[in-house]
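Residue-level listing of the chains:
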Amino acid sequence: MSPSDRTSVSEAVNRPGGLLLQADGLLKHFPFRDSLGRARGAVRAVDGVSLAVPQGRVLAIVGESGCGKSTLGRLLLRLIEPDSGRLRFDGEDVLALSPAALRAKRREMQLIFQDPFASLDPRMTVEAAITEPLILHKLHRGRERARVAELLERVGLRPELARRWPHEFSGGQRQRIAIARALASEPRLIIGDEPVSALDVSVQAQVVNLLGDLIRDLGLTFVLISHDLGVVRQIADEVAVMYLGQIVEQGPAEALFHAPRHPYTRALLAAVPGQGGALKLLEGDVPSPVSPPPGCRFHTRCPFVQPICREQVPTLDGEAHRAACHLQDSLPAATPIREAAADARLARLQAYFTEQPA
Ligand code: SF4
């Protein structure tokens, strides 16, 4: 099934039961104190995020390190509590679940971590690691060993490796074991937090292909958290781009990759190997999430910035493909970010020399 054959978000919204995961206005700030214990502010890690994932679709959440995407992933699984907002899984209010009900619900929602070395307990054999969720959720009782063998085969490993210890495997093999363990509870939703970024490039492609096969064959709903648009492009149906705790662009992967509407997305795309190095052309560092810039949060780095951008917060506008940019309908369609940034730099230099006394 190709991505275009699958149900779109807008179609799923209008169909009861079409959405598996739905978040509205999720907000998570982490307060911090100085050495004397006085409140000094808060890191606005996730600052009002809304998104929806239809059953059987792959949503990728992308952005630079520190943009809040990993915190968002944990909020979506309620591994951390949001300060406010709503979260529904298959129509059920996840934030209203009791601790016991949440534990039971977790069978359907699994997380694959970035580091396959840290995610497996070195004191457990592969068989024990994969059997644990089977016992916890009372699945395949009496045939746990056979089920472990099936799961290992499903992720491309020989069943006879079950008695070995995690340190006996390579990084790619360990990530396959972590995937088998996540599959053991027969989840409907998996969140992969940079699931291949710790692997060698040659192994990354194999694991991405495996994830794509599993998603297709098992009808999984998958949220892929990644900074790597090359990986995202291979398996995502829908992409949400995050910057400083907020989604700045969201839409079908094909539309977003071919016609990005937000300057930040353009910069990310231009930074994909083989397409330039636009992130280097963005002015300045990512601002502090403790005190984000007023107006458009991206205005301190945007080569297209206008006076309105410094004053008014742009809203996420559009239908299936949405962007939070005042100029999204008037940005130069084909102007590479590299040229726009160079133009902006030139203009600043000219202004500087014009202002200098002769
Ligand atoms: Fe750039 Fe202005 Fe759009 Fe923000 S609103 S991305 S500063 S053009």
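Please read these numbers as outputs of a predicted model, since none were measured by experiment.

Trainee: Looking at this structure, how should I read the sheet that holds strand E8 (residues 221-226)?
Mentor: Pairing within the open sheet is mixed, and its 7 strands lie in the order E6-E7-E8-E3-E9-E10-E11. The sheet terminates laterally at strand E6 (109-112) and strand E11 (322-323), the two strands that pair on one side only. Pairing of E6 with strand E7 (residues 189-193), which is carried by 4 bridges, proceeds in the parallel orientation. The residue bridging Gln110 from the neighbouring strand is Ile190, located in E7. Seen against the sheet, helix H2 (residues 69-76) touches strand E3 (58-62), E6, E7, E8 and strand E9 (238-243) and runs at an angle of roughly 155 degrees to E8.

Trainee: Can you help me understand the site of the ligand in this one?
Mentor: The environment of the ligand is formed by His262, Pro263, Cys296, Phe298, His299, Cys302, Phe304, Cys309, Cys325, His326 and Leu327. Of the residues contributing to the shell around the ligand, the split by class is 8 nonpolar, 3 polar and no charged.

Trainee: What is the right way to look at the environment of Glu311 in this model?
Mentor: Within the element layout of this structure, Glu311 appears in helix H12 (residues 307-311). Glu311 sits in the exposed class, given a relative accessible area of 63%.

Trainee: Can you walk me through H2 in this structure?
Mentor: For an α-helix the count is 3.6 residues per turn, leaving residues at separations of three or four pointing the same way. Most of H2 sits out of view: 6 of its 8 residues are buried. Three or more residues of H2 are buried, namely Lys69, Thr71, Leu72, Gly73, Leu75 and Leu76. Two residues or fewer past H2, Arg78 is found with a positive phi of approximately 55 degrees.

Trainee: Looking at this structure, I do not really get the nonpolar core. What am I missing?
Mentor: For soluble globular proteins, the rule of thumb is that nonpolar side chains tend to be buried together. In terms of nonpolar packing, the biggest core is built from 59 residues, with Val62, Ile130, Ile179, Leu183, Val232, Val239 and Val241 touching the most fellow members. For this core, the domains that each give at least three residues are domain 1 (19-28 + 43-242) and domain 2 (260-355). Not counting chain neighbours up to four residues away, the residues in contact with Val241 comprise Val62, Gln246, Ile247, Val248, Glu249, Leu256, Tyr264, Thr265 and Leu268. By size, the runner-up hydrophobic cluster in this structure holds 29 residues, among which are Leu20, Leu51, Leu59 and Leu75.

Trainee: For this particular structure, what's the right way to read the packing of aromatic side chains?
Mentor: By the definition in use, this model includes 3 aromatic pairs. An aromatic cluster of three or more residues is present, and its members are Tyr243, Tyr264 and Phe298.

Trainee: Please explain the pattern of salt bridges as it appears in this structure.
Mentor: Two side chains bearing opposite charge may form a pair once their charged atoms approach each other closely. Enumeration over the complete set of coordinates arrives at 26 salt bridges. In this structure, the salt-bridge partner of Asp34 is Arg40, at a minimum N-O distance of 3.1 Å. Note that Glu81 and Arg78 form a salt bridge whose closest N and O atoms lie 2.8 Å from each other. Take Glu81: its relative accessible area is 41%, and that puts it in the partly exposed class.

Trainee: Which parts of the structure should I look at to understand the sheet that holds strand E1 (residues 19-33)?
Mentor: Backbone hydrogen bonds are what pair the strands of a sheet, in a parallel or an antiparallel way. An order of E2-E1-E4-E5 is seen for the 4 strands of this open sheet, with the pairing classed as antiparallel. Single-partner strands in this sheet number two, and they are strand E2 (39-54) and strand E5 (92-93). Strands in contact with H2 are E1, E2 and strand E4 (84-89); relative to E1, the strand with the most contacts, it is inclined by about 120 degrees.

Trainee: Could you clarify how one ought to interpret the pairing of E4 in this entry?
Mentor: Successive side chains on a regular strand alternate, one facing one side of the sheet and the next facing the other. The pairing of E1 with E4 spans 5 bridges and is antiparallel. Looking at E4, one finds that Leu21 is bridged to Phe89. Relative to E5, E4 runs antiparallel, the two sharing 2 bridges. Residue pairing in the sheet places Phe89 in a bridge with Glu92 of E5. Between E4 and the antiparallel strand that follows it, E5, lie 2 residues; Asp90 among them carries a positive phi value of about 50 degrees.

Cut-offs and rules
- Residues numbered from 1 in each chain as written.
- Predicted model: local features only at pLDDT ≥ 70, side-chain atom pairs only at ≥ 80, totals over all residues.
- Heavy atoms only, no water.
- Pairing = 2+ DSSP bridges.
- Helix = DSSP H or I, 4+ residues; strand = E, 2+ residues; numbered from the N terminus.
- Contact = heavy atoms within 4.5 Å.
- Axes fitted to C-alpha atoms, helices over the stretch in contact; angles between N-to-C directions.
- Near = heavy atom within 4 Å.
- Nonpolar A, V, L, I, M, F, W, Y, C, P; charged D, E, K, R; others polar.
- Buried < 20%, exposed > 50% of the residue type's maximum accessible area, 1.4 Å probe, protein only.
- Core = buried A, V, L, I, M, F, W, Y, C linked by side-chain atoms within 4.5 Å.
- Domains from an automatic or database assignment.
- Phe/Tyr/Trp six-rings, centres within 6.5 Å; stacked < 30°, edge-to-face > 60°.
- Salt bridge = Lys/Arg side-chain N within 4 Å of Asp/Glu carboxyl O.

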